[in-house]
Amino acid sequence: MASRRDDYLIRMIEQLRQFVAEALRRRESGQLDLALVMLMQAQEKLFARPTAGFIALPLDEQLRLLTLDEPPETAREKTLLYAELLKEASKVYRARDQRELATSALQLALQVTLIAAIASPSHRETLRLEAAALLGELTPELSPDELHAPVQALLAELGLAPRS
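So, a few notes on the structure that sits alongside this text. For clarity, every value in this text was computed on a predicted model and none was experimentally measured.

### What about the overall build of the chain?
- The helix and strand tally for the chain stands at seven helices and zero strands.
- Helices and strands appear in the chain in the N-to-C order α-α-α-α-α-α-α.
- In terms of overall size, the chain behaves like a compact globule, its C-alpha atoms giving a radius of gyration of 16 Å where 164 residues would be expected to give roughly 15 Å.
- For the chain, the spread of C-alpha atoms along the three principal axes comes to 50 × 40 × 25 Å.
- A buried classification covers 41% of the 164 residues belonging to the chain.
- Nonlocal contacts in the chain, meaning residues at least 24 apart in sequence, comprise 61% of its contacts between residues at least 6 apart.
- Counting 20 positive and 24 negative side-chain charges, the chain places the averaged centre of each group 3 Å from the other.

Shown next as structure tokens:
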């Protein structure tokens with residue numbers, strides 16, 4: 001039987017997925033500022049703290065905070081939800097003609113997905129394919145040598161190579 005905490009986490013993750021879906025609808029209808037606000041609110045809910053409490057931290061520390069005291073399955077779900085939020089933020093930034101922010105958010109989504117793939121051996125192949133799709137979206141924007149060193153290292157560890 002699931003504990004109350006597990007039930008809460010399942011409801012929270014579902015609610016955050018709904019936030020992402022609503023942000024997508026807002027983006028598609030041209031309400032870009034509102035979509036971005038919704039994504040920031042979803043991140044705050046996911047991290048259970050204001051944006052200022054995690055945004056300036058290095059990624060490894062962000063992920064540590066995100067998954068602290070979580071069972072592996074929940075940690076993976078929360079990590080992938082963070083990647084999903086970043087990917088949607090990338091699309092909003094692109095729609096706002098903020099190419100640099102869009103590319104940065106997408107590269108971070110890729111890095112988070114790669115980290116999840118390495119940390120989840122039982123889901124590695126599925127996440128590897130997801131990472132490959134993100135890489136495919138990113139490579140028209142960046143040359144392989146423009147990828148951040150940690151992303152390059154994670155790609156190599158999973159046997160993924162960026163297209164030149």
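### Observations concerning unusual backbone geometry
- Phi at Ala48 takes a positive value of approximately 55°, unusual for a residue other than glycine.
- Relative to the helices and strands, Ala48 resides in the loop between helix 2 (32–47) and helix 3 (59–67).
- The phi angle at Asp69 is positive, at roughly 65°, despite the residue not being glycine.
- Examined against the element boundaries, Asp69 turns out to sit in the loop between helix 3 and helix 4 (72–95).

Thresholds, definitions, all that
- Residues numbered from 1 in each chain as written.
- Predicted model: local features only at pLDDT ≥ 70, side-chain atom pairs only at ≥ 80, totals over all residues.
- Heavy atoms only, no water.
- Helix = DSSP H or I, 4+ residues; strand = E, 2+ residues; numbered from the N terminus.
- Rg over C-alpha atoms; globule rule 2.2 N^0.38 Å.
- Buried < 20%, exposed > 50% of the residue type's maximum accessible area, 1.4 Å probe, protein only.
- Contact = heavy atoms within 4.5 Å.
- Lys, Arg positive; Asp, Glu negative; His and termini not counted.
- Charge placed at Lys NZ, Arg CZ, Asp CG, Glu CD.

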